[in-house]
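Chain by chain, the residues:
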Amino acid sequence: MRFIEKKFLYIIVCFLFVHICYAQKNFIPQILLTQEKNNHTTHFFYAFENNAITFNEITDKNQWQQKWKYEFLTKKNIELISANIGDISGNGNQELVVIAYSFGDNAEIYIFNTDNKIPSGTPQIYALPNLQKGTKPIQAELLKWDLDKDKEIILSVSSPERKILVLDYAINKLKPLENLAQAFMLNTYGPTQFLTADYNKDNKDDIIILNNSNQPTIHSIISNQSSFDSPLNLVDKLQSFHIIESNNQNYEIGLTQSGKLILLLENQIIESANKFEKIIGSNKNDILLLSKQNQIIQGTITENKDLIINQSKPSPLTNTNQTLHISNRQETHLLLTNHNPKTAILVSLNPLNIRSLDYIDNTPIIKKTQDQGFVENIAPQTQPKTNTVLNDTL
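The structure presented is a predicted model; accordingly, all values stated were derived computationally and were not measured. (Residues numbered from 1 in each chain as written. Predicted model: local features only at pLDDT ≥ 70, side-chain atom pairs only at ≥ 80, totals over all residues. Heavy atoms only, no water.)

1. A few points about the overall build of the protein chain
For the protein chain, the helix and strand inventory stands at two helices and 30 strands. Within the span of the protein chain, comprising 394 residues, buried residues form 50% of the whole. Looking at the protein chain alone, contacts between residues at least 24 apart form 42% of all its contacts between residues at least 6 apart. As displayed, the protein chain offers around 19700 Å² of accessible surface, 49% of which is attributable to carbon and sulfur atoms. (Helix = DSSP H or I, 4+ residues; strand = E, 2+ residues; numbered from the N terminus. Buried < 20%, exposed > 50% of the residue type's maximum accessible area, 1.4 Å probe, protein only. Contact = heavy atoms within 4.5 Å. Areas by Shrake-Rupley, 256 points an atom, 1.4 Å probe, with all protein chains shown as cover.)

2. Quick word on the sheet that holds strand β9 (residues 137-143)
The sheet built from four strands is open, its strands ordered β9-β10-β11-β12 with antiparallel pairing. Strands at the two margins of the open sheet, each flanked by one partner only, are β9 and β12 (173-180). Here the strands of the sheet are splayed against their neighbours by 25° on average, with no regard to which way each runs. Where strand β10 (residues 152-157) meets strand β11 (residues 163-170), five bridges bridge the pair, whose relative direction is antiparallel. Bridge assignment links I154 to a residue of β11, and that residue is V166. (Pairing = 2+ DSSP bridges. Axes fitted to C-alpha atoms, helices over the stretch in contact; angles between N-to-C directions.)

3. Describing the nonpolar core
Core analysis: the largest hydrophobic core is formed by 20 residues, its most contacted members being I109 and L167. Looking at this core, the elements that each hand over two or more residues are β6 (95-102), β7 (108-115), β9, β10 and β11. Sequence-distant contacts of L167, that is, excluding residues within four places in its chain, are made with I109, L128, P129, E152, I153, L155, L174, K175, P176 and L177. Within the second largest apolar cluster, 19 residues are counted, among which are L33, W68, A83 and A100. (Core = buried A, V, L, I, M, F, W, Y, C linked by side-chain atoms within 4.5 Å.)

4. Comments concerning empty space enclosed by the protein
In this structure the tally under the stated criterion is one cavity of 30 Å³ or more. Space inside the largest cavity adds up to approximately 40 Å³. The wall of the largest cavity is formed by N106, A107, L128, L131, Q132 and T135. (1 Å grid on protein atoms, 1.4 Å probe; cavity = no way out; pocket = protein on both sides within 12 Å on 5 of 7 lines; lining within 4 Å. Points joined across faces, edges and corners; volume = space filled by probe spheres on them.)

5. Observations concerning the environment of I58
Positionally, I58 belongs in strand β3 (residues 52-58). Overall, the relative accessible area of 4% leaves I58 in the buried class. Ignoring anything within four residues of it in the chain, the contact list for I58 reads T42, H43, F45, Q63, W64, L335, L346, R355 and L357.

6. Observations regarding unusual backbone geometry
Look at the link from S159 to P160: it is a cis peptide, with omega at 10°. By secondary structure assignment, the location of P160 is in the loop between β10 and β11. N340 connects to P341 through a cis peptide bond whose omega is 5°. Examined against the element boundaries, P341 turns out to sit in the loop between β26 (333-339) and β27 (342-349). Unusually for a residue other than glycine, N267 sits at a positive phi of about 50°. Along the chain, N267 falls in the loop between β19 (261-263) and β20 (268-270). A relative accessible area of 27% places N267 in the partly exposed class. A positive phi angle, close to 65°, is found at N294, a residue other than glycine. Along the chain, N294 falls in the loop between β22 (286-291) and β23 (295-301).

7. Focus: the pattern of salt bridges
Throughout the structure, instances matching the rule amount to five salt bridges. Residue E79 is joined to K136 by a salt bridge in which the shortest nitrogen-to-oxygen separation is 3.1 Å. Taken as a pair, E79 in strand β5 (residues 78-86) and K136 in the loop between β8 (118-127) and β9 lie far apart in primary sequence, 57 residues in all. Among the ionic pairs, E161 bridges to K163, the shortest N-O distance being 3.1 Å. (Salt bridge = Lys/Arg side-chain N within 4 Å of Asp/Glu carboxyl O.)

8. Re the packing of aromatic side chains
In the structure shown here, the tally under the stated rule is 13 aromatic pairs. Ring centres of W68 and Y70 lie 6.5 Å apart, and the angle between their planes is 15°; this geometry places the pair in the stacked category. An identical accessibility class is assigned to W68 and Y70; each is buried. Here the aromatic cluster, defined as three or more aromatic residues joined through ring pairs, consists of W68, Y70, F72, Y110 and F112. One Lys or Arg, K342, reaches over the ring of F27 and ends 5.1 Å from the middle of that ring. The positively charged end of K342 is found above the aromatic ring belonging to Y359, 3.7 Å away from the centroid. (Phe/Tyr/Trp six-rings, centres within 6.5 Å; stacked < 30°, edge-to-face > 60°. Lys NZ or Arg CZ within 6 Å of the ring centre and 35° of its normal.)

9. Section: the environment of F55
Take F55: it is sitting in strand β3. With a relative accessible area of 1%, F55 lands in the buried category. Note: C-alpha distance between F55 and W68 (13 residues apart in sequence) is 5.0 Å. Excluding its chain neighbours within four sequence positions, the residues that come into contact with F55 are L33, F44, F45, Y46, Q65, Q66, K67, W68, K117 and I118.

10. Considerations on the confidence of the model for the protein chain
Per-residue confidence for the protein chain averages 81 on the pLDDT scale, and 84% of its residues sit at or above 70. Mean pLDDT values for the elements of the protein chain range from 40 in helix α1 (residues 2-25) up to 96 in β10. Segment residues 1-25 is flagged for pLDDT under 50; beyond a separation of four residues in sequence, or across chains, it makes five contacts in the model. Taken together, the stretch residues 365-386 has pLDDT below 50 and engages in 38 contacts with residues farther than four places along the chain or on a different chain. (pLDDT = per-residue confidence, 0-100.)

Pasting the structure below:
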């Protein structure tokens, strides 16, 4: 019996060690920001890495470096789920909203005020309201939901809750507004993913929900258009899906497990001789794809629902299985990254241009302020004073 207990303990220790090592290697981009000033374009991005969220600047020398960093307490064993930036308070300023999960505990939302895109001060931290302990968040976005001047948070959570919630942030409080697609979520069992977009151009975001089970279905919540609300069965499981605008119409495009593109509402395969690894972005009438041959492909979907390839360039990132991507709000640029080795490329979409980026190991210093509650007794390092590290002490 002692041998069994020791063996079981050994398995747990090994599992935790592997989990910690894996988490330390992760480099996951979250938000790409583009700033135009005096005819000069600068790019910034947020990323999750090493139990922290970082704010990074891409320089004119094809390099990127950290400008700010917030470290979460190691004892929380936090898994970072998502980060979004937008005005959720209605005060005209943008907030950084980070969703985090601690195994077996309550999920948390960290809300940072920002100054010129960089968070300032310590975050406000909230437990997700009205959820069972241990419920894990899966995905979060910001959306225009109720026609007021701020944005709301849309959040999906796993079983046993299995919900998609809309949350409102007002007067320093988080409150649930709606529990969406309850019958659809109750009667399906696969992993879920959602997209938000103003599908019918009425200044309210619409929601497309994918249930990616062995019998995949999508459910559309389109404002003022209830005929779209019936779930639609799909012909195949999807790797991902995307909304693109072509000829002044929105199309829901999916990528099947076999690497084929499909128009979801029509259940129609888009003919192409290529097999694709990922849908990585879109810009007006163009769709950006990563092929199984590791080519970045810019194409157009015609009125006949065919894919015409306009340009194709090899990706400098070699391992497509770990390649992650984000696009900026203007959908003019994409950032693609690998975490092992830690590499990145910046892709401009029109015309297609690829810049390989080198990482500068420029560890930010800890910001010393009157409010020392967020600093964990770590001495400042000798680095440029414009860079900042904060530490979670809650």
